[in-house]
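Geometric and topological summary
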Amino acid sequence: MIYYYDGSFDGLFTVIFEKYQEIGKCEIKTKTDQVNFLESETIKTDLVKAQRVIIGIKENIGDEFFENAFKVFKSNHPKKEEVLAITIKSCLIYGNVYLSSPKKAAVTFRSIVKNFNHETHAYKGFTRFREIQDSYLFAEIAPENDVLLHITQHFLKRMPAEKFIIYDKNRNKASLCEFGKYEEVEILEMNAEDSDKEAIFKDAWRGFYEAIGIDERKNEKLMQANMPKKYWKYLPEKN
């Protein structure tokens, strides 16, 4: 049996509420236009039911688990819905001890959270801003997981007096931040042009980088160990 939902966090929790007894014996997927000949049912999002699940998680499993559950939901794991549903049900039955067990769902849950945290930490350090039109600071990211919210919250604390945009190229969405306030919007195409000041700084930085660099002592393996190559495209000195 396949249960479809609208792809929202509340939608998934509605499925968990309504189909609690079937968890572990079913598939949970987002609704698509693809024709599926297996038996299926679409579950409509119910905010009241979703909230009851959220309250149950926080009261019986804890706030930390709820935060990690949100990370699993935001991950790119293909079976995240089933992993999340089985882990929640199992924790409600057996307690938090289930999380450290060798059960398949628990192991996968921990692995997803670890991967999500690692990528979030990397982007906190490797995200590069440049000044564009209207004095906005602009950064592009292309993460495997949907870490935009977590990255944005980090930089809101670091730069509360700035206005900046973080654009997730893989998901065509961006966070628009102005003086501590945040809004996430869908963006199909982003045309960000460097300000005159930014162009001067980039030229100066490239000149400095070339001046201090010694071609004979370049160590690309060490560079990749310090910063994976997928982040290089956002560095002025690498373009």
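The structure under discussion appears in the preceding block.
Residues numbered from 1 in each chain as written. Predicted model: local features only at pLDDT ≥ 70, side-chain atom pairs only at ≥ 80, totals over all residues. Heavy atoms only, no water.

The subject of this paragraph is the overall build of the protein chain. Counting its secondary structure elements, the protein chain contains 8 helices and 8 strands. Counting every position in the protein chain, which comprises 239 residues, the buried fraction comes to 42%. A sequence separation of at least 24 residues applies to 65% of the contacts in the protein chain between residues at least 6 apart. (Helix = DSSP H or I, 4+ residues; strand = E, 2+ residues; numbered from the N terminus. Buried < 20%, exposed > 50% of the residue type's maximum accessible area, 1.4 Å probe, protein only. Contact = heavy atoms within 4.5 Å.)

A sheet is described by the order of its strands in space; here 3 strands give the open sequence E2-E1-E3, paired in parallel fashion. Whereas interior strands pair on both sides, the edge strands pair on one side only; in this sheet they are strand E2 (27-30) and strand E3 (40-42). Shown here is a sheet whose adjacent strand axes are inclined to one another by a mean of 25°, direction ignored. (Pairing = 2+ DSSP bridges. Axes fitted to C-alpha atoms, helices over the stretch in contact; angles between N-to-C directions.)

The strand order across the open sheet formed by 5 strands is E4-E5-E6-E7-E8, and the pairing between neighbours is mixed. Two strands bound the open sheet, and with one partner strand each, they are strand E4 (130-131) and strand E8 (181-186). Pairing of strand E7 (residues 173-178) with E8, which is carried by 6 bridges, proceeds in the antiparallel orientation. Bridge pairing links Lys-173 to Glu-186 in E8.

Let's shift gears to the nonpolar core. Ranked by internal contacts, the top residues of the largest apolar core, which has 34 residues, are Phe-13, Ile-16, Ile-57, Phe-65, Leu-84 and Phe-109. Looking at this core, the elements with two or more residues in it are strand E1 (2-5), helix H1 (9-18), helix H2 (47-60), helix H3 (63-74), helix H4 (80-94) and helix H5 (104-126). In terms of residue count, H3 provides more of this core than any other element does, 6 residues in total. With sequence-adjacent residues up to four places away left out, Phe-13 is seen in contact with Ala-50, Val-53, Ile-54, Ile-57, Phe-66 and Ile-88. In this structure, Val-147, Cys-177, Met-227 and Tyr-231 belong to the second largest nonpolar core, which totals 19 residues. (Core = buried A, V, L, I, M, F, W, Y, C linked by side-chain atoms within 4.5 Å.)

We now examine a nonpolar patch on the surface. Taken together, the side chains of Ile-93, Tyr-94 and Val-97 define a hydrophobic patch exposed on the protein surface, amounting to about 350 Å² of accessible area. In this fold, Tyr-94 is placed in helix H4. Residue Tyr-94 is classed as exposed on the basis of its relative accessible area of 57%. (Patch = residues over 30% accessible without salt bridge, like charges linked within 9 Å, V, L, I, M, F, W, Y side chains within 5 Å. Areas by Shrake-Rupley, 256 points an atom, 1.4 Å probe, with all protein chains shown as cover. Salt bridge = Lys/Arg side-chain N within 4 Å of Asp/Glu carboxyl O.)

Bringing the packing of H1 against H4 into the picture now. The interhelical angle for the contact between H1 and H4, taken along N-to-C directions, is 50°, at an axis separation of 11 Å. Classed by the angle they form, the pair H1 and H4 counts as oblique. The two elements H1 and H4 cross, and the hand of that crossing is right-handed. Residues Leu-12, Phe-13 and Ile-16 of H1 lie in contact with H4, whose contacting residues are Glu-81, Leu-84, Ala-85 and Ile-88. A per-class count over the contact of H1 with H4 returns 6 nonpolar, no polar and 1 charged. (Parallel < 35°, antiparallel > 145°, perpendicular 65-115°, else oblique. Left-handed = near helix turned anticlockwise from the far one by under 90°. Nonpolar A, V, L, I, M, F, W, Y, C, P; charged D, E, K, R; others polar.)

Let us look at helix H6 (residues 148-158). The periodicity of an α-helix, 3.6 residues per turn, causes residues three or four positions apart to be oriented the same way. Listed in full, the buried residues belonging to H6 are Leu-148, His-150, Ile-151, Thr-152, His-154, Phe-155 and Leu-156. In the core, the buried residues of H6 are packed alongside H3, H5, strand E5 (137-141), strand E6 (163-168), E7 and E8.

Taking 1.5 Å as the rise per residue, H2 with 14 residues should run 20 Å; its terminal C-alpha atoms sit 20 Å apart, in good agreement. Where H2 is buried, its residues contact H1, H3 and H4. Between a side-chain oxygen at the N-terminus of H2 and the backbone nitrogen of Val-48 the separation is 3.0 Å; the capping residue is Asp-46. Of the residues one or two after H2, Gly-62 is the one with positive phi, at around 120°. (Expected span 1.5 Å × (residues − 1). Polar contact = N/O pair within 3.5 Å; in protein donor to acceptor, adjacent residues only side chain to side chain.)

A complete count under the given rule lists 11 salt bridges for this structure. One salt bridge connects Glu-82 with Lys-79, and the closest N-O pair in it is separated by 3.5 Å. Note on Glu-82: relative accessible area 12%, which makes it buried. Between Arg-171 and Asp-168 there is a salt bridge, with the nearest N and O atoms lying 3.0 Å from each other. The exposure class assigned to Arg-171 is partly exposed, which follows from its relative accessible area of 27%. Assessed through its relative accessible area of 0%, Asp-168 is described here as buried. Among the ionic contacts, a cluster of salt bridges with common partners joins Glu-27, Lys-29, Lys-79 and Glu-82.

Geometry only, nothing functional implied.
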